[in-house]
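What follows is the residue order along each chain.
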Amino acid sequence: MAKAKVGKKATGIAMELPECPVCFETMSAPIFQCQSGHSLCNTCTRNLSPPICPICRQAMTQMRNLTLEDIIAKANVPCPNKSFGCVYTMLTQEVDDHLKECIFRVMTCPLGAVFGKCSWTGNLKEMMNHFKDRHPQNCNVNLETGVELCNVSINEDERFLYLVQQGNLLFIVTMKIDTLQKVAYWVVQHIGSKKAHNRIFMKFIFQVSKIPEDK
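All values reported here derive from a predicted model rather than from experimental measurement.

Quick notes on the rules
- Residues numbered from 1 in each chain as written.
- Predicted model: local features only at pLDDT ≥ 70, side-chain atom pairs only at ≥ 80, totals over all residues.
- Heavy atoms only, no water.
- pLDDT = per-residue confidence, 0-100.
- Helix = DSSP H or I, 4+ residues; strand = E, 2+ residues; numbered from the N terminus.
- Pairing = 2+ DSSP bridges.
- Axes fitted to C-alpha atoms, helices over the stretch in contact; angles between N-to-C directions.
- Contact = heavy atoms within 4.5 Å.
- Buried < 20%, exposed > 50% of the residue type's maximum accessible area, 1.4 Å probe, protein only.
- Arc of directions from axis to C-beta.
- Polar contact = N/O pair within 3.5 Å; in protein donor to acceptor, adjacent residues only side chain to side chain.

**Things to note about the confidence of the model for the protein**
Reasoning step 1: Looking at the protein as a whole, its pLDDT mean stands at 80, while 80% of the residues score no less than 70.
Reasoning step 2: Here strand β13 (residues 206-209) stands out as the element of the protein with the lowest mean pLDDT, 49, in contrast to strand β2 (residues 31-34), whose mean of 94 is the highest.

And the structure:
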């Protein structure tokens, strides 16, 4: 997990990271050089055909610019989702870990991911409003009412998914009946950071009614 800091003095080097002279994207390791010393990002180096430096027309090499890679690795950078509201800064090598749980990252609708019936994308703060607008039957449960499933057959594979809010936290509650393994199980997944997850205490009540007997 990225050890991101908010409103604290940076421990790394505060700098604007250099861009690749070909694609103009921020440079990251590995960084390769041509025979004249020009540095290109890994993606642009692999896409060169023939492997000729587009700046000086000298041959590209497998020589790494380790000095530049080391400077970039020690730099403090803002989250790539800064324009969407994220205020975290972190070391360059911690960005990928942070993006996996950044609440401002672009997410897909959980129902779309599971059932393929929704193409919505957005950030975490927009997800509950999306469910209320498009999937009201999948967000009408809470800690007080519990989850009640009616007319469920144990002879057919079934999956039910709900988006549940507790304060500012969101959870995906999934119930699945697996006839092959002859089991029914529930999964509660928190959507958010590991830091917030460590403070969570929840209690869900599940009730299944009107289950037909095996024949």
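**Here we look at the sheet that holds strand β12 (residues 183-191)**
Reasoning step 1: As summarised here, the arrangement of the three strands in space is β10-β11-β12, forming an open sheet in which the pairing is antiparallel. The sheet is open, and its two borders are formed by β10 (158-166) and β12, each paired with just one other strand. Direction aside, the axes of adjacent strands within the sheet are offset by 15 degrees on average.
Reasoning step 2: Here helix α5 (residues 124-134) sits on the sheet in contact with β10, β11 (169-178) and β12, set at roughly 120 degrees to β10.

**Structural notes on α5**
Reasoning step 1: Those residues of α5 that fall on the buried side of the exposure criterion are Leu124, Met127, Met128, His130 and Phe131. Along the long axis of α5, the arc covered by the buried residues comes to 160 degrees, so they all point the same way. In α5, those exposed residues whose orientation departs by more than 90 degrees from the buried face are Lys125, Asn129, Lys132 and Asp133.
Reasoning step 2: Looking at the buried positions of α5, the neighbouring elements they touch are β7 (107-108), α4 (110-115), β8 (121-122), β10, β11 and β12.
Reasoning step 3: N-capping of α5 is provided by asparagine 123, with a side-chain oxygen placed 3.1 Å from the backbone N of lysine 125.

**Some thoughts on helix α2 (residues 66-73)**
Reasoning step 1: Residues Leu68, Glu69 and Ile72 constitute the buried set of α2. Along the axis of α2, the buried positions cluster into a sector of 100 degrees, meaning they face one direction only. Among the exposed residues of α2, those oriented more than 90 degrees off its buried face are Leu66 and Thr67.
Reasoning step 2: Taken together, the buried residues of α2 touch β2, β3 (39-41), β4 (60-64) and β5 (75-78).

**Some remarks on unusual backbone geometry**
Reasoning step 1: Looking along the chain, the bond that leaves alanine 29 and enters proline 30 is cis, with omega of 0 degrees.
Reasoning step 2: Among the structural elements, proline 30 can be located in the loop between β1 (13-14) and β2.
Reasoning step 3: Put simply, serine 49 and proline 50 share a cis peptide bond, and its omega is 0 degrees.
Reasoning step 4: Structurally, proline 50 can be placed in the loop between α1 (42-47) and β4.
Reasoning step 5: Residues other than glycine seldom take positive phi values, yet phenylalanine 24 does so here, at roughly 65 degrees.
Reasoning step 6: Counting through the fold element by element, phenylalanine 24 comes out in the loop between β1 and β2.
Reasoning step 7: Unlike most non-glycine residues, arginine 57 shows phi in positive territory, near 70 degrees.
Reasoning step 8: Position of arginine 57 among the secondary structure elements: in the loop between α1 and β4.

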